[in-house]
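# Remarks on the overall topology
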Amino acid sequence: MSGSTLPTRRLGALEVSAQGLGCMGMSEFYGQGDDTESIATIHRALDLGVTLLDTADMYGPFVNEELVGRAIADRRDRVVLATKFGIVRDPDDPSKRGVRGDAEYVRSAAEASLRRLGVDHIDLYYQHRVDPDTPIEETVGALAALVEQGKIRHIGLSEASAATIRRAHAVHPITAVQTEWSLWSRDIETEIVPTCRELGIGVVPYSPLGRGFLTGRFTAKSDFAEGDYRQTLQPRFAGENLDRNLAIVDALRALAEKKGVTAGQLALAWVQSRGDDVVPIPGTKRRKYLEENVAAVALELSTEDIEAIEAAVPADAVAGNRYPDAGMSLVNG
């Protein structure tokens, strides 16, 4: 696939490519990284017309922003740069985590991200998880001050409830809500998506490929590399849940073969078909998979295609929660 320009979509007032690139796995969670290949993947994404790059301070921890910063240093004008704050990790023990959204923390986190990224502004700055101990009005007020100072351009929320989104939007316009949305994670369709549409907020689905599972590349737990958190922390990849979920992917793969595409491309096209205000950010650290993902933007699905996909992967058929209990407690906050 040669250099090209992807169609664009709008997240609130922000125009971005119809598909973004999630950079998290380049530094952590999915096995050993390769910075050289990761930077090449980011450069290839930009050449293919991807403009939205997504990172967070907690990825690495801290080093993913530095990696993205190095990759875009000589091409900043081609990037809509998104990062996140709010999940606090202990530098001495990264497994320890907390959540903060107080004004002082918002300011210090933004300054630290700007330094690591090597930029003078962040295009889209998300609260990664809602702080249950800080009113959302305080958090968004601090973000609004950063907008006034020119340090961030747009405000986002991640894994926020419909009620929180409304309260936040009343303080300052929210541009995007990032949340998990895929064929096997559809809980946001009841309240969160309709609320975003009512308020003119874009939706950015992360893990649109079900943490890679919907690609069909994994058939057993042993397929995951050493250090891959899917082996230990993901209920959907455990025991009987894994067996049940593999059957779902088999059905999706059979449909994809009929259309001459991969299961992952079909799953991505389904997410993209949810609306022109939806911009998925599939993550990858390899050019090969990036090109496969970007090709899915051009995949048009008929009504019959969508019905067949949703019959193959019924919303209530997926076994296991998205996260362990501790992680689920911070979802839709």
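Taking an unreviewed UniProt entry as the reference, the protein chain is identified by name as Aldo/keto reductase belonging to Amycolatopsis samaneae.

### Quick notes on the packing of helix H4 (residues 136–148) against helix H5 (residues 162–171)
Each packed pair of helices is defined by two parameters, the angle between the axes and the distance between the axes. Across the interface, H4 lies against H5 with an axial gap of 9 Å and an inter-helix angle of 40°. The orientation of H4 with respect to H5, classified from their angle, is oblique. H5 is crossed by H4, and the crossing has right-handed handedness. Facing H4, whose interface residues are Ile136, Glu137, Val140 and Gly141, H5 presents Thr164, Arg167, Ala168 and Val171. The residue inventory of the contact of H4 with H5, partitioned by class, reads four nonpolar, two polar and two charged.

### Considering the nonpolar core
It is characteristic of soluble globular proteins that their nonpolar side chains tend to be buried jointly. Residues Leu21, Ile42, Tyr125, Leu252 and Leu266 are the most contacted members of the largest nonpolar core, which totals 81 residues. Residues contacting Leu266, with those up to four places away along its chain left out, are Leu252, Leu255, Ala256, Lys259, Val261, Leu299, Leu301 and Ile309. Among the nonpolar cores identified, the runner-up in size contains 13 residues, and Leu11, Val204, Val279 and Ile281 belong to it.

### Some words on the packing of helix H3 (residues 103–117) against H4
Two elements in contact, H3 and H4, have axes whose closest approach is 8 Å; the angle formed by their N-to-C orientations is 40°. Between H3 and H4, the angle is such that the two are oblique. When the axes of H3 and H4 are compared, the crossing they make is right-handed. Listed contacts from H4 to Ala103, Val106 and Ala110 of H3 are Glu138, Thr139, Ala142, Leu143 and Leu146. Residues of the contact of H3 with H4, tallied by class, amount to six nonpolar, one polar and one charged.

### A look at the sheet that holds strand S9 (residues 152–158)
If you walk across this open sheet you meet the seven strands as S3-S4-S5-S8-S9-S10-S11, and the pairing is parallel. Looking along the sheet, the strands with just one partner apiece sit at the ends: strand S3 (21–22) and strand S11 (202–206). Where strand S8 (residues 122–127) and S9 come together, five bridges link them in parallel fashion. Within S9, the residue paired with Leu124 across the bridge is His154.

### A word on the pattern of salt bridges
For the structure shown, the criterion picks out 19 salt bridges. Ionic pairing is found between Asp250 and Arg253, a salt bridge with its closest N-O pair at 2.8 Å. A residue pair is termed a helical-turn pair when its members lie 3 or 4 positions apart in one helix, as Asp250 and Arg253 do in helix H7 (residues 239–259) at three residues. Taking the shortest distance from any N to any O, the salt bridge between Lys259 and Asp305 comes out at 3.1 Å. Remark: Asp305 occurs in helix H10 (residues 303–312) and Lys259 occurs in helix H7; sequence separation between them is 46 residues. The exposure class of Asp305 is buried, given its relative accessible area of 19%. Through salt bridges with shared partners, a single ionic network connects Arg186, Glu189, Arg274 and Glu310.

### With respect to the environment of Gly156
Relative to the helices and strands, Gly156 is located in strand S9. Overall, the relative accessible area of 0% leaves Gly156 in the buried class. Sequence separation between Gly156 and Tyr126 is 30 residues; the distance between their C-alpha atoms is 4.1 Å. Those residues in contact with Gly156 that lie beyond four places of it in its chain are Leu124, Tyr125, Tyr126, Gln127, Ile174 and Ala176.

### Some words on H3
Between its terminal C-alpha atoms H3 stretches 21 Å, which fits the 21 Å expected from 15 residues at 1.5 Å a residue. All of the buried residues in H3 are Ala103, Tyr105, Val106, Ala109, Ala110, Ala112, Ser113, Leu114 and Leu117. On the buried face of H3, the contacting elements are helix H2 (63–72), strand S5 (80–85), strand S6 (87–90), S8 and H4. Backbone geometry just downstream of H3 places Gly118 in the positive-phi region, at approximately 70°.

Parameters at a glance
Residues numbered from 1 in each chain as written. Predicted model: local features only at pLDDT ≥ 70, side-chain atom pairs only at ≥ 80, totals over all residues. Heavy atoms only, no water. Axes fitted to C-alpha atoms, helices over the stretch in contact; angles between N-to-C directions. Helix = DSSP H or I, 4+ residues; strand = E, 2+ residues; numbered from the N terminus. Parallel < 35°, antiparallel > 145°, perpendicular 65-115°, else oblique. Left-handed = near helix turned anticlockwise from the far one by under 90°. Contact = heavy atoms within 4.5 Å. Nonpolar A, V, L, I, M, F, W, Y, C, P; charged D, E, K, R; others polar. Core = buried A, V, L, I, M, F, W, Y, C linked by side-chain atoms within 4.5 Å. Buried < 20%, exposed > 50% of the residue type's maximum accessible area, 1.4 Å probe, protein only. Pairing = 2+ DSSP bridges. Salt bridge = Lys/Arg side-chain N within 4 Å of Asp/Glu carboxyl O. Expected span 1.5 Å × (residues − 1).

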